[in-house]
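# Examining the three-dimensional arrangement
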Amino acid sequence: MEPDRRLIDPERVDAAVAGMGDREAITEWAQRFSLVADPSRLALLVSIHYAREISVTDLAAATGMTDTAVSQALRLLRAHGLVTTRRDGRIVRYSLADATVHELIHHVRPHPES
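Residues numbered from 1 in each chain as written. Predicted model: local features only at pLDDT ≥ 70, side-chain atom pairs only at ≥ 80, totals over all residues. Heavy atoms only, no water.

## A few points about a nonpolar patch on the surface
Together, Trp29, Phe33, Leu104 and Val108 give the surface a local cluster of nonpolar side chains, amounting to about 390 Å² of exposed area. When contributions to the nonpolar patch are tallied by element, the ones reaching two or more residues are helix H2 (23–37) and helix H6 (99–108). Along the polypeptide, Phe33 turns up in helix H2. The class for Phe33 is partly exposed, based on a relative accessible area of 46%. (Patch = residues over 30% accessible without salt bridge, like charges linked within 9 Å, V, L, I, M, F, W, Y side chains within 5 Å. Areas by Shrake-Rupley, 256 points an atom, 1.4 Å probe, with all protein chains shown as cover. Salt bridge = Lys/Arg side-chain N within 4 Å of Asp/Glu carboxyl O. Helix = DSSP H or I, 4+ residues; strand = E, 2+ residues; numbered from the N terminus. Buried < 20%, exposed > 50% of the residue type's maximum accessible area, 1.4 Å probe, protein only.)

## Examining the sheet that holds strand E1 (residues 54–55)
Within a beta sheet, neighbouring strands are joined by backbone hydrogen bonds and run either parallel or antiparallel to one another. Ordered by their spatial adjacency, three strands build an open sheet running E1-E3-E2, and the pairing between neighbours is antiparallel. Both edges of this open sheet fall to E1 and strand E2 (83–88), since each of them pairs with a single strand only. Pairing of E1 with strand E3 (residues 91–96), which is carried by two bridges, proceeds in the antiparallel orientation. Considered in E3, the bridge of Ile54 is made with Tyr94. (Pairing = 2+ DSSP bridges.)

## Some remarks on the packing of aromatic side chains
Aromatic ring pairs are defined here through the distance separating the ring centres and the angle between the ring planes. Per the counting criterion, the structure on display carries one aromatic pair. Their ring planes at 40 degrees and their centres at 5.5 Å tell us that Trp29 and Phe33 sit as a pair that is tilted. In this pair, Trp29 and Phe33 are both assigned in helix H2, four residues apart and thus about one turn of the helix distant. For Trp29, a relative accessible area of 34% puts it in the partly exposed group. (Phe/Tyr/Trp six-rings, centres within 6.5 Å; stacked < 30°, edge-to-face > 60°.)

## A word on the side chain of His49
Its location among the elements puts His49 in helix H3 (residues 39–51). Of note is the side chain of His49, whose polar atom sits 3.0 Å from the side chain of His102. (Polar contact = N/O pair within 3.5 Å; in protein donor to acceptor, adjacent residues only side chain to side chain.)

## Describing the pattern of salt bridges
All told, the structure shown has four salt bridges when counted by the stated rule. One salt bridge in this structure joins Glu53 and Arg86, with 2.8 Å as the shortest N-O distance. Of this pair, Glu53 sits in the loop between H3 and E1 while Arg86 sits in strand E2, and the two are 33 residues apart along the sequence. With relative accessibility at 37%, the residue Arg86 sits in the partly exposed group.

Structure follows, in structure tokens:
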């Protein structure tokens, strides 16, 4: 913050600065949100959220994407720590690895009523 800058509510500025925290954390969150902002990747994350664990082929069927497109998107999501894998014989199943993304999806799109 500039030392000679006039402030209206200095305590609110202090709270905003404290809440923002480390600038690197803001950059990391911006990168996470950019991953989630893509409609195809968001569809995959929402599908994984509800399925809990799902294969590439089944994700492709659920989202209307090709297996190749799903694999490419999952590779990116996995590289950024949003999804993880579990091998079940020859089948690789994907699940959400990021608890924050899980909660975000849950709050934005709550589970449908049974």
